[in-house]
Amino acid sequence: MRRVAIAGVGLTKVGEHWSMGLKDLFAEAALKALDDAGTDDVDALYVSNMCASTLQGQLHLGAMMADAIGKSGITALNIEAAAASGGVTFHEGVKAIASGLSKSVLVVGVEKMSDGLPESVLATQSMSEDQEYTAYTGVTNVGLSALMYRQYTEKFGAKAEDIAMFAVRSHENAEGSPHAQYPFKLSIDRIMASPMEADPIHMLECAGIGDGGAAVLLRPAKRASDGVEVAATSVATGAYYLSGMRDLVSFDAVRLASERAYKAAGISPRDVDVLEVHDETTIAGVISLEDMGFAEKGRGAAYVAKGNTTRGGETPTNTFGGLKARGHPLGATGLYQIGEVALQLLGEAGACQVQDAEVGLAQSLGGLGSTCAVTVLRRF
Amino acid sequence: MGCGAIHFPRRPVCNVCGGRKMEECKLGEAGRVVTWTTIRNPPAGYDASTPYVVALIELDDGGRVLSQVVDVAPEEVKGGMRVEAAFRRVKEDGESGIIEYGYKFRPVIE
């Protein structure tokens, strides 16, 4: 299997893009990545998206987007794995290069959510769950997180304020982030004073809704030059129903995907210099940190509250704002994370730069932890 | 069937023992609340009953089910609370107005 390098990164600003449709967001990101790589050569396109079939009534994105950038003729397809679409699609793009089947692969996540009615967007996000038995109850994805949150605080005595600090840290790290939707600090007081979204989770503990496109160009790694390579990419699944979860305070898929990735990359959590965690809710971020081995089970909230995940901390996390502050255009999020890790390792992170970053990890989560994709990137 | 695990919803293959021989059984109609939340921002079709409680319920026979808990104020719901199944309106199907009924749980009336 060939080693795979990141040849280019292109990210749009996350926000409410009233004058941009799916194709426009896609093209901006894709062309930025190609320009960044200094090439126009692409032989395969992998599009990551979750909501287009419902919110835009649009399928067949592979062919649509290849055409949009004047590349009709190449291999193109769309991959979906709920909010883990980005990491999972990247996994497939890597395989195309590693296997030798393709030599220049564009992986692009794109999502347009802000012009949907809020209740439609919530229903669309709930499509990650069993429609007949889970979504049927009217529970939302934040609601599912809340069911785990209550078990978590009961079992470990974690403080609500400590869990909420995950959002505070994400916002701190978003300052200076050129593409973040909310690049400003958010205080713990404002978060705890915000209305309940699904008790006991406050609204400002949850990632918002936004539009965005994020692209990465993959090529075989050239020994002669230096850059960023894919050290590992792994995808694991976990229980699809809350009622079938082994325990309600862990995501088995996160543990499995990260263990496989650490093994493939020959690293342990200690070796990770920069980390992108799926903080769709604060509690999902805390539990993910623990299941990836960055904090002991039950101690994740305290780990974050103590300052370990700040830009200068032991485990710089969500260095451009994460899902909460950079934003969470569902199908694009995983590619934002991977692009951001690449920028950190290349020393191109500007105001958000973490010093001497050699190894980075991006974690993408779908459903209630029923799909997890973990990507490890490394300087070479 | 093999390992005796109870599944709801039913599944083609047991995720505990990998067995393919499944037997249909009647679930227990009562149980206790394991964990719960109050939904304040509902998905499309559920706004009529907002805010509403969704809980993970462990039935007396060991099976677990996710369902709404009704006939009680959200702030009165407690862990371990005894609840029983009830036939209730679940949602309305948009403009056509077809009303879907199904199961919800309510506090056991002692």
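The rules behind these values
Residues numbered from 1 in each chain as written. Chains lettered and ligands numbered in written order. Predicted model: local features only at pLDDT ≥ 70, side-chain atom pairs only at ≥ 80, totals over all residues. Helix = DSSP H or I, 4+ residues; strand = E, 2+ residues; numbered from the N terminus. Rg over C-alpha atoms; globule rule 2.2 N^0.38 Å. Buried ≥ 20, exposed ≤ 12 C-beta atoms within 10 Å, placed from the backbone. Contact = placed C-beta atoms within 7 Å. Nonpolar A, V, L, I, M, F, W, Y, C, P; charged D, E, K, R; others polar. Domains from an automatic or database assignment. Axes fitted to C-alpha atoms, helices over the stretch in contact; angles between N-to-C directions. Pairing = 2+ DSSP bridges. Expected span 1.5 Å × (residues − 1). Bend = angle between axes of the 7 residues up to and from the residue. Parallel < 35°, antiparallel > 145°, perpendicular 65-115°, else oblique. Left-handed = near helix turned anticlockwise from the far one by under 90°. Core = buried A, V, L, I, M, F, W, Y, C linked by C-beta atoms within 7 Å.

**Concerning the overall build of chain A**
Line of reasoning, step 1. In terms of regular secondary structure, chain A is built from 13 helices and 11 strands.
Line of reasoning, step 2. For a compact globule of 380 residues, the expected C-alpha radius of gyration is about 21 Å, and chain A comes in at 19 Å, within 12% of that figure.
Line of reasoning, step 3. Its C-alpha atoms give chain A principal-axis dimensions of roughly 55 × 45 × 35 Å.
Line of reasoning, step 4. Per-residue burial over chain A gives 64% buried out of 380 residues.
Line of reasoning, step 5. Taking the intrachain contacts of chain A between residues at least 6 apart in sequence as the baseline, contacts between residues at least 24 apart amount to 78%.

**Some points on the interface of chain A and chain B**
Line of reasoning, step 1. The partner chain B presents 24 residues to the 27 residues of chain A that form the contact.
Line of reasoning, step 2. Elements with a contribution of two residues or more to the side of chain A that touches chain B: helix 5 (118–125), helix 6 (141–156) and strand 5 (196–198) of chain A.
Line of reasoning, step 3. When its residues are assigned to classes, the side of chain A that touches chain B shows 13 nonpolar, 10 polar and 4 charged.

**Section: the domain arrangement of chain A**
Residue and element names in this part refer to chain A.
Line of reasoning, step 1. Domain annotation of chain A identifies domain 1 (4–117 + 212–220) and domain 2 (135–207 + 228–379).
Line of reasoning, step 2. When each unit is reduced to the centre of its C-alpha atoms, the spacing between domain 1 and domain 2 is 23 Å.
Line of reasoning, step 3. If you look at the interface, domain 1 gives 35 residues, while domain 2 gives 34 residues.
Line of reasoning, step 4. Looking at the side of domain 1 that touches domain 2, the elements that each hand over two or more residues are strand 1 (4–11), helix 4 (85–98), strand 4 (105–111) and strand 7 (212–220).
Line of reasoning, step 5. With 7 residues, the single largest contributor to the side of domain 1 that touches domain 2 is helix 4.
Line of reasoning, step 6. A class-by-class count of the residues in the side of domain 1 that touches domain 2 yields 22 nonpolar, 11 polar and 2 charged.

**Some thoughts on the packing of helix 4 of chain A against helix 13 (residues 330–346) of chain A**
Residues and elements named next belong to chain A.
Line of reasoning, step 1. Close contact between helix 4 and helix 13 brings their axes to 6 Å; oriented N to C, the two are set at 65°. Only Leu-330, Gly-331, Ala-332, Thr-333, Gly-334, Leu-335, Gln-337 and Ile-338 of helix 13 make contact with helix 4, whose side of the interface consists of Ser-85, Gly-86, Gly-87 and Phe-90.
Line of reasoning, step 2. Its residues assigned to classes, the contact of helix 4 with helix 13 shows 5 nonpolar, 7 polar and no charged.

**Regarding the pairing of strand 1 of chain A**
Residues and elements named next belong to chain A.
Line of reasoning, step 1. Counted residue by residue, strand 1 has 8 buried out of 8 residues, so it is predominantly covered.
Line of reasoning, step 2. Strand direction decides the pairing type here: strand 1 and strand 7, joined by 7 bridges, are antiparallel. Within strand 7, the residue paired with Ala-5 across the bridge is Arg-219.

**A closer look at the pairing of strand 2 (residues 52–59) of chain B**
All names here are of chain B.
Line of reasoning, step 1. Strand 2 sits mainly inside the fold: 7 of its 8 residues count as buried.
Line of reasoning, step 2. Taken together, the 8 bridges between strand 1 (residues 30–39) and strand 2 define a ladder with antiparallel strand orientation. Among the inter-strand pairings, Arg-32 is bridged to a residue of strand 2, identified as Glu-58.
Line of reasoning, step 3. Pairing between strand 2 and strand 3 (residues 64–69): 6 bridges, direction antiparallel. In the sheet register, Glu-58 faces strand 3, and the bridge partner there is Arg-64.

**A few points about helix 7 (residues 160–174) of chain A**
Residue and element names in this part refer to chain A.
Line of reasoning, step 1. The end-to-end C-alpha distance of helix 7, which contains 15 residues, comes to 22 Å, matching closely the 21 Å that a straight helix rising 1.5 Å per residue would cover.
Line of reasoning, step 2. Where helix 7 bends most, the angle comes to about 25°, and this point is Phe-166.
Line of reasoning, step 3. Of all the 15 residues making up helix 7, 12 are buried; the element is thus mostly covered by neighbouring parts of the structure.
Line of reasoning, step 4. Of the residues making up helix 7, those classed as buried are Asp-162, Ile-163, Ala-164, Met-165, Phe-166, Ala-167, Val-168, Arg-169, Ser-170, His-171, Asn-173 and Ala-174.
Line of reasoning, step 5. Those residues of helix 7 that are buried are in contact with helix 8 (188–193), strand 6 (201–202), helix 10 (282–291), helix 11 (300–305) and helix 12 (322–325).

**What about the packing of helix 1 (residues 22–37) of chain A against helix 3 (residues 61–68) of chain A?**
Residues and elements named next belong to chain A.
Line of reasoning, step 1. The contact between helix 1 and helix 3 brings their axes to 10 Å, and the two run at 60°. The orientation of helix 1 with respect to helix 3, classified from their angle, is oblique. Read as a crossing pair, helix 1 and helix 3 show a hand that is right-handed. Where helix 1 approaches helix 3, its residues Lys-23, Phe-26 and Ala-27 are matched on the opposing element by Met-64, Met-65 and Ala-68.
Line of reasoning, step 2. Looking at the contact of helix 1 with helix 3 residue by residue, the class counts come to 5 nonpolar, no polar and 1 charged.

**Notes on the nonpolar core**
Residue and element names in this part refer to chain A.
Line of reasoning, step 1. Among the nonpolar cores identified, the biggest contains 154 residues, and Val-108 and Val-216 are the most heavily contacted of them.
Line of reasoning, step 2. Residue contributions to this core reach at least three from each of two domains, namely domain 1 (4–117 + 212–220) and domain 2 (135–207 + 228–379).
Line of reasoning, step 3. Excluding anything up to four places from it in sequence, Val-216 contacts Ile-6, Val-9, Ala-33, Phe-90, Val-107, Leu-335, Ile-338, Gly-339 and Ala-342.

**Quick word on helix 4 of chain A**
The α-helix winds at 3.6 residues per turn, so residues separated by three or four positions along the chain end up facing the same way.
All names here are of chain A.
Line of reasoning, step 1. For helix 4, built from 14 residues, the straight-helix expectation of 20 Å at 1.5 Å per residue is met to within 8% by its first-to-last C-alpha distance of 20 Å.
Line of reasoning, step 2. With respect to burial, helix 4 is a largely interior element, 11 of its 14 residues being buried.
Line of reasoning, step 3. Turning to helix 4, its buried residues are Ser-85, Gly-86, Gly-87, Val-88, Thr-89, Phe-90, His-91, Gly-93, Val-94, Ala-96 and Ile-97.
Line of reasoning, step 4. Just downstream of helix 4, Gly-100 is the residue with a positive phi angle, here 90°.

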